Structures are given as structure tokens and as C-alpha cells.
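Breakdown of the fold
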Amino acid sequence: MSPGAYRTITMIALVLLVAIVVTGAGVRLTGSGLGCTDWPRCTDETFTPSSDLHARIEFYNRMITGLVSVAVVLAVLGSMRRAPRRSDLVWLSWGLVAGVVGQIVLGGIVVLTHLNPWLVQGHFVLSMVLVADAAVLTHRAGLPDGVAQRPVVTPSLLRWGQALVGLCILVLLTGTLVTGSGPHSGKTDAPENATRAQELSAAREVKRLPIAVHDAARIHGITMMVFLGATIWVLAQIRRHQPAGKLAATASWLLTVLILQGAVGYTQYFTGVPPGLVALHILGASLVWVAVLFTVLRMWAPLESEGSPAAQSTGGTEHADPVPHGDRASR
């Protein structure tokens, strides 16, 4: 398999892993979290769901996991068949396998524990770990073979990049507190044709986190503002030294998605947390996570020496040293 074909496979796996996060959220937001009461079968009597809408939503989301599994298997097989074979790609692809297996097991435990909110949070966190693995795999699959990397920013900015990752993790974790204490528990026993108030009342019968949703939202909002401020600072420093290039473009994408994410978050809070906006917010969280990872990954670039494969293919001029002369000594 060619390196280009393999990178396409990794990109597909990354897209599907983000998609399954959103469809999984759709199960909870439609109150279908216990549409199938057993696992791996839908019920203790049948493998497939009945005509009940919630059962079908829950079961079909499980089937979508099959597409993710196929993409992950192809990523592993591709890493073994890729020419040349690279150990970093092999290990990262097997990491996807471990993550998917963990998700399947944890998903079953979530159902059997009747949507314990702490386990539901863990489900999302493990999804973000999988997305991170796929993002790193996709990035590294696009790098030249046998070429070392070196930072293209100052050591100070590298530390700021690491801080961005830490702040993003904190924002994601505090976001799960809002979800776990909010009205969308994933299960509703409201009657058919019930009003929105009846659905929310029924959903609250499922155990929620012992924290007021308003307090959780404030904590999440504060961490979000700190993260936004740090992102603006990092982008300003990148544009100061590298006004053009993939790194500046990726950091700009991060800031754009982050601003939109904040707008969606505040809108959903002040409009009663409608399910559609919650799903959009979860998609935004996944995109922010991918964007911050690619921003930090692109703070490094291949070190092309004369005679290397990458240098020969580009004439050795594609990756000029973007670090200002005054900063080179600080490397």
C-alpha cells in the first residue's frame, strides 16, 4: 500500500470516529439510551429491535460502530502492508483497536448500569482519546518516511502549545459535568405525544450528577474563557513569526471553531438546552479537540537534509526555517 492511500484510510477513520461521537449523543438526546435493554442483543429475547423508535435508534447506533470497526481494521492492516512499514503507524493503529474494544465494553456497562452518569462521561472521554489517537495517526501518516522532525517555533511557544492541549482537556472534562447534571439523561419514559416539559421531567428520573447544572455551566464557561484567551495569544505569536503556512492556518481554524463553539454553548444555555444545539455543541467539542491537536502537531516539521527522500522530492526548499534569527539560539 502506498503512503498516500494509507493516509486516506486514516483520515476516513478519523472522520468516522468524530461521527460516532455525534450519533452516540443523538441516542441520549432522543431519550433512546435504554431503547435496547440488553447488550450485545437488543433485548433478552431478540437480537434486533422491535418497531419502537427508541429501540431502533439505539440499535442502529450500535450498527454504526461496525463502520468504525471496519475503518480501524483497515488502518491496522494498512499499517502492516504499507511500504515502507513504520512502527509508529503500526502502534498508533493498534491503539485504535484497543480504544474501540474499550468503547464496546464500556458501552455495554453503561446500558447494564442504567446510564450511570459517571460512566456516560467516561464514554465520551474515551471517545476523545480515540479521536486523539486517530488525529496523531493521520498527521504522522502524512510525514515523509525516515526523516526526523524539529520544532518550527520557539521553545516558549512549544510550551504554550502544550498548555493549549491541557486547557482543552480541562474544557472537555468540565463540559461533561454540564452534560451529566443537565436534563438530557438519555432515557425518557414520557408518554407518546408528551410535551417538552413532560419529557424533561421523565428524563430527570434517571440519576444525574450531584451538582447543579448552573454551577457546572459556570465552571465550564470559566475554563472556556481561559482556553480562548490562550488560543488568541498563541495565534498572535504564530502570526507574528509565520504569517503564512499550515501552522497559522490550523491555528486560525482552531480559533474560529472555538468562537463558534462558545456561541453555541451560550445560546443553548439561555434557550433551555434544546437537543439540536446540544448535538451541535458536541460536534463542536470534537472539532475543537482535533484542531488543537493538529495545531500542536504542526509546531514540528520534517528536518530535511540534503539527499533525504523529502528533500529530493521538493528540491530541499519546501520547509524553510520559519523561526526568526533571533530565536534560533533559544532552541
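Here the structure is a predicted model, which means the values were calculated and not measured.

**Remarks on the overall build of the protein chain**
- Assigned secondary structure in the protein chain consists of 10 helices and 2 strands.
- Its helices and strands taken in sequence order, the protein chain reads α-α-α-α-β-α-α-α-α-α-β-α from the N to the C terminus.
- Considering only intrachain contacts with a sequence separation of at least 6, the fraction spanning at least 24 residues in the protein chain is 74%.
- Total accessible area computed for the protein chain in this model is approximately 16,300 Å², and 67% of it derives from carbon and sulfur atoms.

**Quick word on the packing of helix α1 (residues 3–29) against helix α4 (residues 117–141)**
- Two numbers describe how α1 lies on α4: the axes approach to 9 Å, and their chain directions differ by 165 degrees. Relative to α4, α1 is oriented roughly antiparallel. In the packing of α1 onto α4, the handedness of the crossing is left-handed. Judged by residue contacts, Pro3, Tyr6, Arg7, Thr10, Met11, Leu14, Leu17, Val18, Val21 and Arg28 of α1 engage Val120, Phe124, Ser127, Met128, Leu130, Val131, Ala134, Ala135, Leu137, Thr138 and Ala141 from α4.
- Among the residues forming the contact of α1 with α4, the class breakdown is 16 nonpolar, 3 polar and 2 charged.

**Thoughts on α1**
- Across its 27 residues, α1 extends 40 Å between first and last C-alpha, which sits within 8% of the 39 Å expected from 1.5 Å per residue.
- Looking at the residues trailing α1, positive phi occurs at Gly31, about 70 degrees.

**Comments concerning the confidence of the model for the protein chain**
- The predicted model of the protein chain has a mean per-residue pLDDT of 80, with 78% of residues at 70 or higher.
- Looking at the elements of the protein chain, mean pLDDT is at its lowest for helix α10 (residues 309–314), recorded as 39, and at its highest for helix α9 (residues 275–297), recorded as 93.
- Here residues 188–204 scores under 50 on pLDDT; set against residues more than four positions off or in separate chains, the count is 21 contacts.
- Here residues 305–331 is a poorly scored stretch, pLDDT under 50, and it has 34 contacts once near neighbours within four places are set aside; other chains count.

**Notes on the nonpolar core**
- Among the nonpolar cores identified, the biggest contains 62 residues, and Leu96, Val131, Phe227, Ile238, Trp289, Val292 and Met299 are the most heavily contacted of them.
- Mapped by element, the contributors of at least two residues to this core are α1, α2 (53–81), α3 (87–112), α4, α5 (155–181), α7 (213–241), α8 (246–270) and α9.
- In this structure Phe227 touches Leu164, Leu167, Cys168, Val171, Leu258, Val288 and Val292, once residues within four positions along its chain are discounted.

**Points about the pattern of salt bridges**
- This model, assessed by the stated rule, comprises 5 salt bridges.
- With its nearest N and O atoms 2.8 Å apart, the salt bridge here joins Arg140 to Asp88. Of this pair, Arg140 sits in helix α4 while Asp88 sits in helix α3; the two residues are 52 residues apart in sequence, bridging distant segments of the chain.
- Among the ionic pairs, Arg218 bridges to Asp215, the shortest N-O distance being 3.2 Å.

**A few points about a nonpolar patch on the surface**
- A contiguous nonpolar patch, built from Val70, Val73, Leu74 and Leu77 and spanning about 350 Å² of accessible area, is present on the exposed surface.
- Its location among the elements puts Leu77 in helix α2.

**Side note on the packing of α2 against α3**
- Here α2 crosses α3 at 160 degrees, and the two axes come no closer than 8 Å. With respect to α3, the element α2 is oriented roughly antiparallel. Like other packed secondary-structure pairs, α2 and α3 cross with a definite hand, here left-handed. The residues of α3 that touch α2, namely those facing Glu58, Arg62, Thr65, Val68, Ser69, Val72, Ala75, Val76, Ser79 and Met80, are Leu89, Val90, Ser93, Trp94, Leu96, Val97, Val100, Ile104 and Val111.
- Each residue belonging to the contact of α2 with α3 can be placed in one class, and the counts come to 13 nonpolar, 4 polar and 2 charged.

**Observations concerning the packing of aromatic side chains**
- Counted by the stated rule, this structure contains 3 aromatic pairs.
- A ring pair is formed by Trp160 and Trp233, whose centres lie 5.8 Å apart and whose planes are at 50 degrees; its orientation type is tilted. Of the two residues, Trp160 is situated in helix α5 and Trp233 in helix α7; the sequence distance between them amounts to 73 residues.
- Between Tyr269 and Phe270, the aromatic rings sit 5.1 Å apart at their centres with planes inclined by 85 degrees, giving edge-to-face as the arrangement.
- Put simply, the rings of Tyr266, Tyr269 and Phe270 pair up and form one aromatic cluster.

**Focus: the side chain of Arg86**
- Relative to the helices and strands, Arg86 is located in the loop between α2 and α3.
- A polar side-chain atom of Arg86 sits 3.2 Å from the main-chain carbonyl oxygen of Leu143.
- Those residues in contact with Arg86 that sit more than four places away from it in its chain are Arg140, Leu143, Pro144 and Asp145.

Conventions adopted
Residues numbered from 1 in each chain as written. Predicted model: local features only at pLDDT ≥ 70, side-chain atom pairs only at ≥ 80, totals over all residues. Heavy atoms only, no water. Helix = DSSP H or I, 4+ residues; strand = E, 2+ residues; numbered from the N terminus. Contact = heavy atoms within 4.5 Å. Areas by Shrake-Rupley, 256 points an atom, 1.4 Å probe, with all protein chains shown as cover. Axes fitted to C-alpha atoms, helices over the stretch in contact; angles between N-to-C directions. Parallel < 35°, antiparallel > 145°, perpendicular 65-115°, else oblique. Left-handed = near helix turned anticlockwise from the far one by under 90°. Nonpolar A, V, L, I, M, F, W, Y, C, P; charged D, E, K, R; others polar. Expected span 1.5 Å × (residues − 1). pLDDT = per-residue confidence, 0-100. Core = buried A, V, L, I, M, F, W, Y, C linked by side-chain atoms within 4.5 Å. Buried < 20%, exposed > 50% of the residue type's maximum accessible area, 1.4 Å probe, protein only. Salt bridge = Lys/Arg side-chain N within 4 Å of Asp/Glu carboxyl O. Patch = residues over 30% accessible without salt bridge, like charges linked within 9 Å, V, L, I, M, F, W, Y side chains within 5 Å. Phe/Tyr/Trp six-rings, centres within 6.5 Å; stacked < 30°, edge-to-face > 60°. Polar contact = N/O pair within 3.5 Å; in protein donor to acceptor, adjacent residues only side chain to side chain.

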